[in-house]
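Coordinate analysis (summary)
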Amino acid sequence: MNFSNFNLFFILLISSAQTSLQCNSNDLMALNDFSNCITSKIDWWNINTSDCCTWAGVTCDNSTVFGRRVIELELSSKKLTGRNCDSWAGLDKLRFLNLSHNFLHGFLPVKLFSMQNLQVLDLSDNYFSGSVAVKGYMPAIRYLDMSSNELTGSISAALCENSSFIRTLNLGSNYLKGEVPTSFKKCTSLQQLFLNGNDLSGSFPESLLQLRDLRVLHLQYNWFSGSLIDGVSNLSSLVELDVSFNRFSGKLPDIFRRLTKLQHFSANANSFTGDLPKSLVNSPSLHTLNLNNNTLNGLSKLNCSVMVNLTYLNLGSNNFHGPVPESISSCSRLSILSLTRNKFTGEIPYSFKNLQALTFLSLSNVSLTNISSTLEILQNCNNLTTLILSLSFLGEEMPNHMNLQFRNLKILAFGRSQLQGMIPLWLHNCKKLQLLDLSMNLLSGRIPFWMGNFTSLFYLDLSNNSFTGEIPKTLTGLRILAGENMSIDGPILGIPLFRKAKTSLQYNKVESFRPTLDLSNNKLTGPIWPSFGNLKELHVLRLNDNFLSGRIPDSLSEINGLEILDLSHNELSGDIPRSFGRLTFLSEFSVADNQLYGKIPTGGQLTTFPCSSFERNNGLYGDGAFASCHSNEVPPLTPTPAQVDAASQTMTIIGVQFAIGAATGFVLAVHFCFLSGWVFSDTRNKSMFSLSTMRR
């Protein structure tokens, strides 16, 4: 055998030996200890086999003849439960450990932070508690994520003293308090730092100002205070800076000229005052700028001809005043714009029609005028999907001409604007509507039948207006509420939804809105259609404070996910369907102030509601959980369901005998009523109903 053939044979022999090697016995023991330590079973871990390198999520190397060593463990989202333990100490060659998105709890294992070869450690989204006891030496660590746990106490100073080469550190969404340690200046390689969502305090951490490689800094949702210091300009590599939801105050420093890589700056929900810095409103690198909820002014200096990359601009809830700056229309890439809750006056600039990239616009709670002109201008923004105009254009007439076209509009809110007129015809062309809020206006007339033709409408609020007539039966056929699979998407930056109590609710995403049909506080008449039961996906049904009559349809119990059902303050009669006991998700229910009679059902969630949900129905009574929900008087006689159904059928009766019998029965009935006092009781009931009507 020549020399070259011998080398080849030797290499093949070594390779064959390595592939046949099983995992190191110490590693096998450590993994078995971990498996025994937790209370859940790890799928695809066969602890009866001696080769742990074949287990799911386990990666081994081929570097030793004493057994293959475990170098990676990927156990994210495995539904692991129980306590973590110190069994990891045996895995001394481990480089990568991911236990994120599980249900592990207890204190963090101390020995875990002394693993010499560990480069990536992800413990996020668990229930670990206690302090961050990092006392060991982790020279190789580059990525450490302990976010979204229940960690308490102060941040350990040893984090950077013993792990100076770390690049990403995420401690967000815990309960850490105190100040950021001065030792953080030793993390000279740090590129991403997430301290958001804790109880940290003090001034802006000056120890961070020496981290010249820092690209992402998130400090939002803490208690930092004082001014945003000029030294932030030293962080010349910053791409993201978020200091929102703190207690920073004073003027924004004029530092943005040196932050040439900064793309995302968020300082909302602080107490910043004064004009916008010149370097900020002339920043060519910015993509997103969020200054919502401060006390800023000086928007007229915004230079969109320089801010060519700006796509997101939220200036809501500030002190900006005067006309809306026309310069905004030069931000040609602007996709999201919120100017809500400012002191703008006049009309929006005609040049806003050039904002062709605009998808979201909020002009709510601003003193703008001429809603007709506004809509004519904005219809040219062909990509507009969300338009919020609530609490603006107060008292104006809703434009009703047909030539307005908003073909891509998904969310439209005109709430609490005292708008007059009727539901406009041009809405019929908004085929993609998902959410429509016309609540708390002065709109009148009938609800048009075509409102039931929207294929994606899952949230409709027409409450607190003066609509008359019957509820269009077409509303009971809204396709997405009937259970068709259609996507609900699109961003929302705080849509105000106003109720009778004049409070506002704010949501961040369309998905967070519950499927709703709210027609309350109008002048609607007629029945509640049994076909409402077709709306299987409905969560909120409010029909209260109208003049609806007839029986409560039994079919409403087929809306299995119903959370809120309010039928109070109407003229409904009959009994409460017993099938309502099947509505197991009800959290709010009322049939008060109607003309209902019979026994209150006691099934399911109904037993959890107070007597006030049934009060002022003179014929209702109950026992068991509702024993206290009626007076001591004997409950009135009520017809059985069979009798009601029989009486509702059309009958044709011919004959003299019937006429004589009817006349005799009438005389006897009148005589009996006077003797029993029932006539006077009825008069009293009518008087009570008249008072109830006047009260409404």
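Here the structure is a predicted model, which is why all the values come from computation and not from measurement.

A word on the overall build of the chain. Secondary structure summary: the chain contains seven helices and 45 strands in total. A buried classification covers 50% of the 696 residues belonging to the chain. When contacts within the chain are restricted to residue pairs at least 6 apart in sequence, those whose partners lie at least 24 apart make up 54%. About 32,000 Å² of surface is accessible on the chain, with carbon and sulfur atoms providing 53% of the total.

This part takes up the state of the cysteines. Applying the stated criterion across every chain yields a total of five disulfides. Across the disulfide, Cys-304 is cross-linked to Cys-331 (sulfur-sulfur distance 1.7 Å). Given an S-S torsion of about -65°, the disulfide between Cys-304 and Cys-331 has left-handed geometry. Within this pair, whereas Cys-304 is found in the loop between β21 (295-297) and β22 (312-314), its partner Cys-331 is found in the loop between β23 (321-322) and β24 (336-338), the two being separated by 27 residues in sequence. You'll find Cys-304 and Cys-331 in the same group, each marked buried. Each sulfur of the disulfide joining Cys-611 and Cys-629 lies 2.0 Å from the other. On the sign convention where negative means left-handed, the S-S torsion of about -80° between Cys-611 and Cys-629 marks this disulfide as left-handed.

This part covers the sheet that holds strand β34 (residues 466-470). Spatially, the eight strands line up as an open sheet ordered β30-β32-β34-β38-β40-β42-β44-β45, and their pairing is parallel. The sheet is open, and its two borders are formed by β30 (420-421) and β45 (619-621), each paired with just one other strand. Bridge count between strand β44 (residues 595-599) and β45: three bridges; the pairing is parallel. The residue of β45 that forms the bridge with Gly-598 is Leu-620.

The sheet built from three strands is open, its strands ordered β23-β25-β27 with parallel pairing. Of all the strands in the sheet, the pair left with one neighbour each is β23 and β27 (367-368). Inspection of the sheet shows β23 paired to strand β25 (residues 343-346) by two bridges, in the parallel sense. Each residue of the ladder has a partner; that of Gly-322, found in β25, is Phe-344.

The next thing to look at is the pairing of strand β5 (residues 103-107). Bridge count for strand β3 (residues 81-83) against β5 is three bridges, and the pairing is parallel. Counted as the bridge partner of Thr-81 is Phe-103 from β5. Direction of pairing for β5 relative to strand β7 (residues 127-130): parallel, over a ladder of three bridges. If you follow Gly-106 over to β7, its bridge partner there is Phe-128.

Chain-level pLDDT for the chain is 85 on average; 83% of the residues reach the 70-or-more range. Across residues 5-19, confidence stays below pLDDT 50; counting only partners more than four residues off in sequence or on other chains, it has three contacts.

Enumeration over the complete set of coordinates arrives at 15 aromatic pairs. Each ring, one from Phe-589 and one from Phe-614, has its centre 5.9 Å from the other, and the planes form 55°; the classification is tilted. Remark: Phe-614 occurs in the loop between β44 and β45 and Phe-589 occurs in strand β43 (residues 588-590); sequence separation between them is 25 residues. No difference in accessibility class separates Phe-589 from Phe-614, as the two residues are buried.

A word on helix α2 (residues 25-37). Given 3.6 residues per helical turn, the α-helix brings residues three or four places apart onto the same face. Its 13 residues give α2 an end-to-end C-alpha distance of 18 Å, which sits within 8% of 18 Å, the value for a rise of 1.5 Å per residue. Those residues of α2 that are buried are in contact with β1 (58-60) and β2 (70-74). Sitting at the head of α2, Asn-24 places a side-chain oxygen 2.8 Å from the backbone nitrogen of Asn-26.

This next bit is on the pairing of strand β38 (residues 523-526). Burial along β38 is one-sided: Leu-524 and Gly-526 are buried, while Lys-523 and Thr-525, pointing the other way, are not. The pairing of β34 with β38 spans three bridges and is classified as parallel. Bridge pairing links Gly-469 to Leu-524 in β38. In this structure, β38 lies alongside strand β40 (residues 547-551), joined through two bridges in parallel fashion. Paired with Gly-526 across the strands is Leu-548, a residue of β40.

Let us now look at the environment of Gly-178. Within the secondary structure, Gly-178 is located in strand β11 (residues 175-178). For Gly-178 and Ser-201, which are 23 residues apart along the polypeptide, the C-alpha to C-alpha distance reads 5.6 Å. Not counting residues within four places of it along the chain, the set of residues in contact with Gly-178 comprises Asp-199, Leu-200 and Ser-201.

On to the side chain of Ser-338, then. Along the chain, Ser-338 falls in strand β24. Of note is the side chain of Ser-338, whose polar atom sits 3.5 Å from the side chain of Asn-314.

When you line up the elements, Glu-396 lands in the loop between β28 (386-388) and β29 (411-413). No salt bridge forms around the buried Glu-396; measuring N to O, its nearest opposite-charge neighbour Arg-416 is 16 Å away. For Glu-396, the contacting residues outside a window of four places in its chain are Leu-368, Thr-369, Asn-370, Ile-371, Gln-418, Leu-419 and Gln-420.

This brings us to the pattern of salt bridges. One side chain can pair with another of opposite charge once the charged atoms of both are near each other. Scanning the entire structure with this criterion turns up 10 salt bridges. Here Arg-616 and Glu-615 are joined by a salt bridge, their closest N and O atoms 3.1 Å apart. What makes Arg-616 partly exposed here is its relative accessible area of 44%. The exposure class of Glu-615 is partly exposed, given its relative accessible area of 32%. Put simply, Asp-27, Arg-69 and Asp-92 are held in one network by salt bridges that share partners.

The rules we used
- Sequence positions are assigned chain by chain, starting from 1 and proceeding in written order.
- Given that this is a predicted model, residues contribute local features only at a pLDDT of at least 70 and side-chain atom pairs are listed and counted only at 80 or more, while totals for whole chains, interfaces and linings are drawn from all residues.
- To obtain the side-chain values, all non-hydrogen atoms of the structure were included, while hydrogens and water were left out.
- Think of it this way: any DSSP run of H or I at least four residues long counts as a helix, any run of E at least two long counts as a strand, and we number them from the N terminus.
- Only protein chains enter the accessibility calculation, which uses a 1.4 Å probe. A residue is then buried if its area is under 20% of the maximum for its type, exposed if over 50%, and partly exposed in between.
- By definition in these notes, contact holds between two residues if any of their heavy atoms fall within 4.5 Å.
- Under the convention used here, a 1.4 Å probe and the Shrake-Rupley method define accessible areas, while residue burial counts only the protein chains that appear.
- Two cysteine sulfur atoms form a disulfide, by the criterion used here, when they sit within 2.5 Å.
- Between any two strands, pairing holds if DSSP finds at least two bridges.
- The quantity called pLDDT is the predictor's confidence in a given residue, expressed from 0 to 100.
- Only rings of Phe, Tyr and Trp enter the pairing, Trp through its six-membered ring, and a pair is recorded when the two centres are within 6.5 Å. The plane angle decides the type: under 30 degrees is stacked, over 60 is edge-to-face, the rest tilted.
- Expected span of a helix: the number of residues minus one, times 1.5 Å.
- Polar contacts, as counted here, are pairs of nitrogen or oxygen atoms within 3.5 Å of one another; within protein the pair requires one atom able to donate a hydrogen and one able to accept it, and residues that are adjacent in sequence qualify only if both atoms are side-chain atoms.
- Charge assignment: positive for Lys and Arg, negative for Asp and Glu; neither His nor the chain ends contribute.
- A pairing counts as a salt bridge when a side-chain nitrogen of Lys or Arg comes within 4 Å of a carboxyl oxygen of Asp or Glu.

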